Structures are given as structure tokens and as C-alpha cells.
Amino acid sequence: MAEFVPANLGIAERSALLNSLVAPRPVAFVSTMSAEGKGNLAPFSFFMAAGYNPMAVAFSATNWRDGHAKDTMRNCEATGEFVVSVSTRAMAERLNQASYRYAYGEDEFDHAGFTRAPSVMVRPPRVAESPAALECRVLQIVKTGDGPGAGNVIVGEVLHVHVDPAVMDGGMPDNRRIEHLVRLGADYFSTQRPEALFSLKRPESP
């Protein structure tokens, strides 16, 4: 077995190790606005469901390697609102372009060529090309450290959900109709193809 002690590794090595092992990860495409109304759109693969009561999601906006907070984090602190648009294979190349570190206040919707769609309960727009979006209000921000690579776990209550009827079945979104984009280690992405799905019911006895 190869053995690693994170305390003995640099930030880049920790990133490579963790991203390769905690995988695949769904990609949250997060739109925010600054207090002055400047838009931002960025992908985050440290993303998860966080609860049902209230319905909540969480993602981590790790600091840049120079220690500065990302624009998404700054906007969430300033306004308390964000939207997560579900990422698909068809969005991958443009989504990756949105991960570039543009100057604060420059909107990746324009740089990456995505279309703004209005939200219902928050100011940031959602991504029209996405099959689903979750409008959220920040509940809590948990900082896991300081400086380069430190995490900022942003937990948001889901206030409103948009779902394209084309991916619905039986009144709910159907994973067989959404080619989810997922992130792995290094530069690898993948997709959740319908033919790879299998079903296991929870056990009802020991």
C-alpha cells in the first residue's frame, strides 16, 4: 500500500490525492451576484445534498492557491443567495471555461456563453441550458481553515426548484434522463450514463 500523511504534502499534492479518491463528484454550477449586482458563474465539484428539513445543499468554495477567497464565496457572504444549476455532459466544455479566474465583477455567463434564465425567489439567474436548478438562501458558512486551499463550506436552504419536464417521469426527475456531469481526479470528467445505472432497495431486515 502507498502511504500518505497529508501534513507532509503540499497543497497541490493534497488536491491531487483527495480529488482522485473522493470521486466521482457531481458538479454544482453556482451563480451568484455581488452586492452591487455584478454576476458570477462558477463550477464546484465539492458538492452534496445536505438535508431534507429544511431541504438543503452544500458546496465548498476552496480558496485560491494564493489564499484569496473565490468570487462565489465573496458574493455568498455579501448577499446570502446562490443558485445551483445541474451540470450535464452537453455543458462540459463551456462549464470548464467558466472555471477560469476572471477578474472580480466579470460575468462568466458571458465569457462561457451560457444563457441567463430568471429565478423566482433570489436575485442570481439560473443557467437556461441546465435541466434543473435550485434557488438557495445561505444558512451557514463553515470555514475549515485559512490561507491557500482552505475550504469554505456554504450550506444553503433550497427555496425553489426548477426542473425541465423533459427529464421528469412520474412527477419527479428521472436520473435515466439526465446525463449528469461528474468530476474525478487530475483533469478527468465523466458522465452518469443511463446504461450504467442499477437499483438496490434498502434492506428491510438484518
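Please refer to the structure placed before this passage.
Below is a short write-up of the structure. Just so you know, these numbers come straight off a predicted model, no measurement behind them.

**Here's the deal with a nonpolar patch on the surface**
- On the surface, a nonpolar cluster with roughly 370 Å² of combined accessible area is contributed by Leu-18, Leu-21, Val-22 and Phe-46.
- When its relative accessible area of 31% is taken as the criterion, Phe-46 is described as partly exposed.

**Observations concerning the sheet that holds strand E13 (residues 181-183)**
- Read across the sheet, three strands follow the order E1-E13-E14 without closing on themselves; strand pairing throughout is antiparallel. Where the open sheet ends on each side, the last strands, each with one partner, are strand E1 (25-26) and strand E14 (189-191).
- Strand direction decides the pairing type here: E13 and E14, joined by three bridges, are antiparallel. Residue Leu-181 lies in a different strand from E14, and its bridge partner there is Thr-191.

**Overview of the sheet that holds strand E10 (residues 152-163)**
- Spatially, E3-E2-E6-E9-E10-E5-E4 is the arrangement adopted by the seven strands of the open sheet, whose pairing is antiparallel. Edge positions in the sheet fall to strand E3 (39-44) and strand E4 (47-52), since each has one partner strand and no second. Across this sheet, the average inter-strand angle for adjacent strands is 30 degrees, counted without regard to direction.
- Note: E4 against strand E5 (residues 55-60), five bridges, orientation antiparallel. The residue of E5 that forms the bridge with Gly-51 is Ala-56.
- On top of the sheet, helix H2 (residues 71-79) reaches strand E2 (28-33), E3, E5, strand E6 (81-86), strand E9 (132-143) and E10; it is set at about 50 degrees to E2, its chief contact.

**Details of the pairing of E5**
- Of all six residues that make up E5, five are buried, and the element is covered over most of its length.
- Linking two consecutive strands that pair antiparallel, namely E4 and E5, is a turn of two residues.
- Relative to E10, E5 runs antiparallel, the two sharing five bridges. Looking at the pairing, Phe-59 lines up with Ile-154 of E10.

**With respect to H2**
- Along H2, the residues that are buried comprise Asp-71, Thr-72, Met-73, Asn-75 and Cys-76.
- Against E2, E3, E5, E6, E9 and E10 lie the buried residues of H2.
- One or two residues past the end of H2 sits Gly-80, with phi positive at roughly 75 degrees.

**Overview of the environment of Ala-69**
- Along the chain, Ala-69 turns up in the loop between E5 and H2.
- Since its relative accessible area comes to 29%, Ala-69 is described here as partly exposed.
- Sequence separation of Ala-69 and Gly-149 is 80 residues, and the distance between their C-alpha atoms is 9.4 Å.
- Residues contacting Ala-69, with those up to four places away along its chain left out, are Asn-63, Trp-64 and Arg-74.

**Observations concerning the packing of aromatic side chains**
- Under the criterion given, the structure shown has four aromatic pairs.
- For the pair Phe-59 and Phe-82, a centre-to-centre distance of 5.2 Å together with 75 degrees between the ring planes defines the contact as edge-to-face. Taken together, the residues Phe-59 in strand E5 and Phe-82 in strand E6 connect sequence positions 23 residues apart.
- For Phe-59, a relative accessible area of 1% gives the class buried.
- Taking relative accessible area as the criterion, Phe-82 reaches 0% and is therefore assigned buried.
- Summarising the aromatic geometry, the rings of Tyr-100 and Tyr-102 are spaced 4.8 Å apart at their centres and angled 70 degrees between planes, so their arrangement reads as edge-to-face.
- Taking the relative accessible area as the measure of exposure, Tyr-100 reaches 52% and is therefore exposed.
- The rings of Phe-44, Phe-59 and Phe-82 are connected pair by pair, giving a single aromatic cluster.
- Above the face of the Trp-64 ring, Lys-70 is positioned so that its terminal group lies 4.9 Å from the ring centre.

**Section: the environment of Asp-107**
- Take Asp-107: it is sitting in the loop between helix H3 (92-97) and helix H4 (108-112).
- Distance from Asp-107 to Ala-132, taken between C-alpha atoms, is 21 Å for residues 25 residues apart in sequence.
- A polar contact of 3.0 Å, which involves the side chain of Asp-107, links it to the backbone nitrogen of Phe-109.

Cut-offs and rules
Residues numbered from 1 in each chain as written. Predicted model: local features only at pLDDT ≥ 70, side-chain atom pairs only at ≥ 80, totals over all residues. Heavy atoms only, no water. Patch = residues over 30% accessible without salt bridge, like charges linked within 9 Å, V, L, I, M, F, W, Y side chains within 5 Å. Areas by Shrake-Rupley, 256 points an atom, 1.4 Å probe, with all protein chains shown as cover. Salt bridge = Lys/Arg side-chain N within 4 Å of Asp/Glu carboxyl O. Buried < 20%, exposed > 50% of the residue type's maximum accessible area, 1.4 Å probe, protein only. Pairing = 2+ DSSP bridges. Helix = DSSP H or I, 4+ residues; strand = E, 2+ residues; numbered from the N terminus. Axes fitted to C-alpha atoms, helices over the stretch in contact; angles between N-to-C directions. Contact = heavy atoms within 4.5 Å. Phe/Tyr/Trp six-rings, centres within 6.5 Å; stacked < 30°, edge-to-face > 60°. Lys NZ or Arg CZ within 6 Å of the ring centre and 35° of its normal. Polar contact = N/O pair within 3.5 Å; in protein donor to acceptor, adjacent residues only side chain to side chain.

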